[in-house]
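The primary structure of each chain is shown beneath.
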Amino acid sequence: MNNFELMLAPMEGHTNPAFREICYEKGADSTFTEMARISALARGNKSTLEKIKIPNPIPTYIQIVGANEKELEKFLQKFTPEKGFLGFNLNLGCPSPDMIQRGLGCALIKRISKVKKMVQTIRNHNYPVSIKLRLGMNAFEKEKKTYLNLINEVDADFFIVHARHGKEKNKDPADFSVYEECVKTNKVIIANGDITTKEQIASLKSIGIKGAMIGRAAVKNPAIFEELSK
Ligand SMILES: Cc1cc2nc3c(=O)[nH]c(=O)nc-3n(C[C@H](O)[C@H](O)[C@H](O)COP(=O)(O)O)c2cc1C
């Protein structure tokens, strides 16, 4: 990882190989595939396997979503990393009711022992593993600092903190005030949510954040990576 890493966020319907390549050429240090369901990968579902392909060898993390370590193991036994593959990223941020009902996405933030098992399953195969999380499933979980428990307890290479809880919409402002306490855990923290300016990047760097993940602003203008790294 660079001194300060600029990452393209995983975005369903956007972060296909062509878009990832454009953002990489425009200065993103690393990119993410959109989330792929572990259960579908384990079944060998063709369209899901397509989502995690890395046809152009640019630095790419594969994002996966799910909570069944047996299915994860089944998939990993068949998985062969392509050139450009940097590691797996576990999605603990998806707020869709369908995911939450099944204890997945941001409902996983409080299921620490389950997340530890998922991380260990990936580590057993010697692949790097990171986590992308929200601040909790709702305001109550944010208040209880569920996200800090998870960051403290789980041994992942880095944590991308999307500074909203699961009930907040993208139009609700991201809460930049949480990053300082995240950094105090001494884990590697990447900030995400509403990052669009060099001033924000400078302020994140000054408190010890190790990278910024950019989503919607990159869809509007992939050259944002060049602008932010100048
Ligand atoms: C259209 C769309 C699709 C998304 N798909 C995913 C996804 O597959 N996995 C994920 O972790 N987050 C997903 N997100 C959330 C983004 O990765 C990011 O956390 C969010 O947009 C906040 O960052 P931003 O303010 O820079 O856009 C998606 C967001 C959008 C707008």
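In this report, we go over the structure that sits alongside the text. (Residues numbered from 1 in each chain as written. Predicted model: local features only at pLDDT ≥ 70, side-chain atom pairs only at ≥ 80, totals over all residues. Heavy atoms only, no water.)

Thoughts on the nonpolar core
Core analysis: the biggest nonpolar cluster contains 71 residues, and Phe88, Ile131, Leu133 and Leu150 have the highest contact counts within it. Ranked by residue count, the leading element in this core is helix H6 (residues 112-123), at five residues. Ignoring any residue separated from it by four or fewer positions in sequence, one finds phenylalanine 88 in contact with Ile62, Ile64, Phe75, Leu76, Phe79, Ile122, Tyr127, Pro128, Val129 and Ser130. Within the second largest apolar cluster, eight residues are counted, among which are Met7, Ala9, Ile190 and Met213. (Core = buried A, V, L, I, M, F, W, Y, C linked by side-chain atoms within 4.5 Å. Buried < 20%, exposed > 50% of the residue type's maximum accessible area, 1.4 Å probe, protein only. Helix = DSSP H or I, 4+ residues; strand = E, 2+ residues; numbered from the N terminus. Contact = heavy atoms within 4.5 Å.)

Details of the site of the ligand
Around the ligand sit 18 residues, and of these Pro10, Gln63, Asn192, Asp194 and Arg216 come closest. Glutamate 12 has a polar backbone atom sitting 2.9 Å from a nitrogen atom of the ligand. Separating an oxygen atom of the ligand from a side-chain N or O atom of asparagine 192 is a distance of 2.6 Å. For the ligand, whose unbound accessible area comes to 610 Å², protein coverage reaches 84%. Here the residues of the shell around the ligand are counted per class, giving five nonpolar, eight polar and five charged. (Near = heavy atom within 4 Å. Polar contact = N/O pair within 3.5 Å; in protein donor to acceptor, adjacent residues only side chain to side chain. Areas by Shrake-Rupley, 256 points an atom, 1.4 Å probe, with all protein chains shown as cover. Nonpolar A, V, L, I, M, F, W, Y, C, P; charged D, E, K, R; others polar.)

Regarding the packing of aromatic side chains
Scanning the entire structure with this criterion turns up eleven aromatic pairs. Aromatic ring contacts, followed pair by pair, group Phe75, Phe79, Phe85, Phe88 and Tyr127 into a single cluster. Lying over the aromatic face of phenylalanine 4, lysine 205 brings its terminal NZ or CZ to 5.2 Å of the ring centre. (Phe/Tyr/Trp six-rings, centres within 6.5 Å; stacked < 30°, edge-to-face > 60°. Lys NZ or Arg CZ within 6 Å of the ring centre and 35° of its normal.)

Regarding unusual backbone geometry
The backbone of asparagine 126 shows a phi angle near 65 degrees, a positive value even though the residue is not glycine. Tracing the chain through its elements places asparagine 126 in the loop between H6 and strand S6 (129-133). Phi at aspartate 194 takes a positive value of approximately 65 degrees, unusual for a residue other than glycine. Turning to its location among the elements, aspartate 194 is positioned in the loop between strand S8 (189-192) and helix H10 (198-206).

Description of the side chain of serine 130
Counting through the fold element by element, serine 130 comes out in strand S6. At 2.9 Å, the side chain of serine 130 forms a polar contact with the side chain of asparagine 89. If sequence neighbours within four positions are ignored, serine 130 has contacts with Phe88, Asn89, Leu90, Ala156 and Phe158.

Things to note about the pattern of salt bridges
Within this structure, the stated rule accounts for 13 salt bridges. Put simply, aspartate 155 and arginine 123 hold a salt bridge, and the shortest N to O gap is 3.8 Å. Taken together, the residues span a long stretch of sequence, with aspartate 155 in the loop between helix H8 (146-153) and strand S7 (159-162) and arginine 123 in helix H6 at a distance of 32 residues. Judged by its relative accessible area of 53%, aspartate 155 is exposed. Across the pair arginine 216 and aspartate 194 runs a salt bridge, and its minimum N-O distance is 3.1 Å. Separated by 22 residues along the polypeptide, arginine 216 in helix H11 (residues 216-220) and aspartate 194 in the loop between S8 and H10 bring together distant segments of the chain. Take arginine 216: its relative accessible area is 40%, and that puts it in the partly exposed class. Within this structure, Arg37, Asp98 and Arg102 form a network of salt bridges that share partners. (Salt bridge = Lys/Arg side-chain N within 4 Å of Asp/Glu carboxyl O.)

Points about the pairing of S6
The element S6 is extensively covered by neighbouring structure, given that five of its five residues are classed as buried. In S6, alternate side chains face the same way, and those of Val129, Ile131 and Leu133 on one face and Ser130 and Lys132 on the other are all buried. Here strand S5 (residues 85-92) pairs with S6 via five bridges, running parallel. In the sheet register, asparagine 91 faces S6, and the bridge partner there is lysine 132. Pairing between S6 and S7: three bridges, direction parallel. Across the sheet, the residue bridging to leucine 133 is valine 161, located in S7. (Pairing = 2+ DSSP bridges.)

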